[in-house]
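These are the residues of each chain, in order.
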Amino acid sequence: MKYWVLSIVFCLFSIVLIAQKDYKGAVYDAKTSIPLPYVNIGIQNKGIGTVSDESGLFHLEINTADFSPVDTLVISSIGYKTIKRAVLDLEFVYNDYPKILMQPKLIALEEVVVTNPNANKEVYEVDEIVGYQNFGEKVYGYWKDNIALGGELATRIKVRKGLRKLNYLSFEVRSNPSDSVLIRVNIYDNGAIDKSPVINLNTSNKNILYTIGSRAQIVEIDLRPFDIYVRDDFIVSLELLKVYGDKAIGLVMSAKQNQYTDSYRKYASQDKWEKIEDAAMAYFLNTTLYSNKKKGNSKVAKGIKTNKKDRAVSGFVFYAGRPLAATKVTNYSTNNTAYTNEKGRYSIIAQKGDILRLESERMKVMFIKVLDKTTININMETK
């Protein structure tokens, strides 16, 4: 049937799996020893993969005879360094879950500054709905049968260029026979060559998780806590993490035929993307576009550069009573940056109402609003 263009289906074969082995493990944060849930584990580009459970445990059935010396097992998670191992070098332990330690990585966050190069002009926040909606068409995308954990359904969202923040993601569920389904939302940029998903734009180090209940119809997911900004076209993906209940996955969602965009799918963690042309999952998003043109009920954006007389804000940055050197202090309104010295002292040009962002290794990012005082001392917190 023509309209089932986005289906992800695994056929069931009657194969005797005598040669398969159970590769398993327990994934932990190497620094904190905390178990890591929903880590992607799979053989790169082979359609064999899974995700770790809430306790960091996973199982992966592998027949090593099917792989060559160049085939690679990949273990990846947001905020951690990727691990790669040759499939033929994997060790199979039958009575235990060997520990796999993932090293946290420092992510160089893009400085998102809402300013206008012309200081005499205002910058406005414009509410804008982007994406695609189904208006009764019989076009669907669905997960069915034995799709592996980590499988994804993605669509490229075409937008006009300009800085925008993603606020809410919505989509329509047509059918869900399971008790509930746990998904992860991934936001990717476009690949330079084939426009397929490449880099995950969620730099918050937090997974965007949502549980779809059996009676869900219109799903709305709040993206605001994750501070995701885009400047051009981007890709939205839903990833399967867990199916609750004893019924097989059969999640059906609205889609749409669209000659101006494309969709992508993968069947398991670490699998390669498959492109589906001229088709879109019906993902639509509430966004805030920052523009120098006033439209309708648009309002002036916060934290805009002005022509006020410069003044310096200064102080000390501490953790547990000790000064923190090399802390990065950024004024969101002017894009000025300063660093604390060995005594934890900083000084930066800022006006009342400006927002300061503070970043220091192993510390939570902090935001401080400048009020009347020109001396601001700050105590940081560990992640």
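See the structure shown above.
The text that follows walks through the structure, step by step, so that each part is easy to find.

Right, let's talk about the overall build of the protein chain for a bit. A tally of regular secondary structure across the protein chain gives zero helices and 30 strands. In the protein chain, buried positions account for 47% of the 383 residues. Looking at the protein chain alone, contacts between residues at least 24 apart form 73% of all its contacts between residues at least 6 apart.

The subject of this paragraph is the nonpolar core. Counting 36 residues, the largest nonpolar core has W143, L169, F171, F234, L238 and L285 as the members making the most contacts within it. Counting only elements with at least two residues in this core, the list comes to β11 (152–157), β12 (164–175), β13 (180–190), β15 (208–213), β16 (218–222), β18 (234–244), β19 (252–266) and β20 (274–281). Not counting chain neighbours up to four residues away, the residues in contact with L238 comprise W143, G151, E152, L153, L169, F171, I183, R184, V185, M253 and Y283. Core analysis: the next-biggest nonpolar cluster, separate from the first, contains 19 residues, I62, L73, Y80 and M102 among them.

The buried fraction of β13 amounts to 10 of the 11 residues, a majority that puts the element mostly inside the structure. The pairing of β13 with β15 spans six bridges and is antiparallel. Along β15, the bridge assignment pairs V181 with I212. Relative to β18, β13 runs antiparallel, the two sharing nine bridges. Its bridge partner lying in β18, V185 is registered against L238. Two strands pair when backbone bridges link them, and β13 and strand β14 (residues 197–200) are joined in this way by two bridges, in the antiparallel orientation. Its bridge partner lying in β14, Y188 is registered against N200.

This next bit is on the sheet that holds strand β28 (residues 355–359). Taken in spatial order, the four strands of this open sheet run β26-β25-β28-β29, and their pairing is antiparallel. Looking at strand neighbours, the two that pair on one side only are β26 (337–339) and β29 (366–369), the edges of this open sheet. For this sheet, the mean inter-axis angle between neighbouring strands, taken without regard to orientation, is 25°.

Turning our eyes to something else, we now look at the pairing of β11. Along β11, six of the six residues are buried, which leaves the element largely enclosed by surrounding structure. Pairing geometry for β11 and β18, over six bridges, is antiparallel. Paired with I157 across the two strands is F234, which belongs to β18.

The subject of this paragraph is the packing of aromatic side chains. For the coordinates displayed, the defined rule picks out five aromatic pairs. Note on Y23 and F58: the rings are 5.8 Å apart at their centroids and 55° apart in plane angle, and the pair reads as tilted. Taken together, the residues Y23 in strand β2 (residues 21–29) and F58 in strand β5 (residues 57–62) connect sequence positions 35 residues apart. Overall, F58 belongs to the buried group, its relative accessible area being 2%. Ring plane angle 80° and centroid distance 5.9 Å describe the contact between Y188 and W273, whose orientation is recorded as edge-to-face. In this pair, Y188 is assigned in strand β13 and W273 in the loop between β19 and β20, connecting sequence segments 85 residues apart. Under the relative-accessibility criterion, Y188 is labelled buried at 9%. The class of W273 is partly exposed, set by a relative accessible area of 21%. Positioned above the aromatic ring of Y28 is the side chain of K99, whose terminal nitrogen or guanidinium carbon lies 4.9 Å from the ring centre.

Here D71 shows up in the loop between β5 and β6 (72–76). With relative accessibility at 11%, the residue D71 sits in the buried group. A polar side-chain atom of D71 sits 2.8 Å from the main-chain amide nitrogen of S68.

With that settled, consider the sheet that holds β2. Across the sheet, which stays open at both edges, the three strands sit in the order β5-β2-β8 with mixed pairing between neighbours. Single-partner strands in this sheet number two, and they are β5 and β8 (99–102). Ignoring which end each strand starts from, the neighbouring axes of this sheet average 35° apart. Summarising the sheet, β2 and β8 pair through four bridges and their orientation is parallel. Paired with Y28 across the two strands is L101, which belongs to β8.

Here the focus is unusual backbone geometry. Not every positive phi belongs to a glycine, and N205 is a case in point at roughly 65°. Assignment of secondary structure puts N205 in the loop between β14 and β15. Even without a glycine there, the phi angle at D278 is positive, about 55°. Considering the arrangement of structural elements, one finds D278 in strand β20. A residue is classified by how much of its surface remains accessible, and D278, at 38% relative accessible area, is partly exposed.

Before going further, it helps to examine the environment of T261. Its location among the elements puts T261 in strand β19. Linking T261 and I276, residues 15 residues apart in sequence, is a C-alpha distance of 9.4 Å. Setting aside residues up to four positions removed in sequence, T261 forms contacts with Y132, R156, K158, E277, D278, A279 and A280. Within the local environment of T261, its side chain forms a polar contact with the backbone oxygen of R156, the two atoms lying 2.6 Å apart.

Each value, and the rule that gives it
- Residues numbered from 1 in each chain as written.
- Predicted model: local features only at pLDDT ≥ 70, side-chain atom pairs only at ≥ 80, totals over all residues.
- Heavy atoms only, no water.
- Helix = DSSP H or I, 4+ residues; strand = E, 2+ residues; numbered from the N terminus.
- Buried < 20%, exposed > 50% of the residue type's maximum accessible area, 1.4 Å probe, protein only.
- Contact = heavy atoms within 4.5 Å.
- Core = buried A, V, L, I, M, F, W, Y, C linked by side-chain atoms within 4.5 Å.
- Pairing = 2+ DSSP bridges.
- Axes fitted to C-alpha atoms, helices over the stretch in contact; angles between N-to-C directions.
- Phe/Tyr/Trp six-rings, centres within 6.5 Å; stacked < 30°, edge-to-face > 60°.
- Lys NZ or Arg CZ within 6 Å of the ring centre and 35° of its normal.
- Polar contact = N/O pair within 3.5 Å; in protein donor to acceptor, adjacent residues only side chain to side chain.

Any link to function would need more than the numbers given here.
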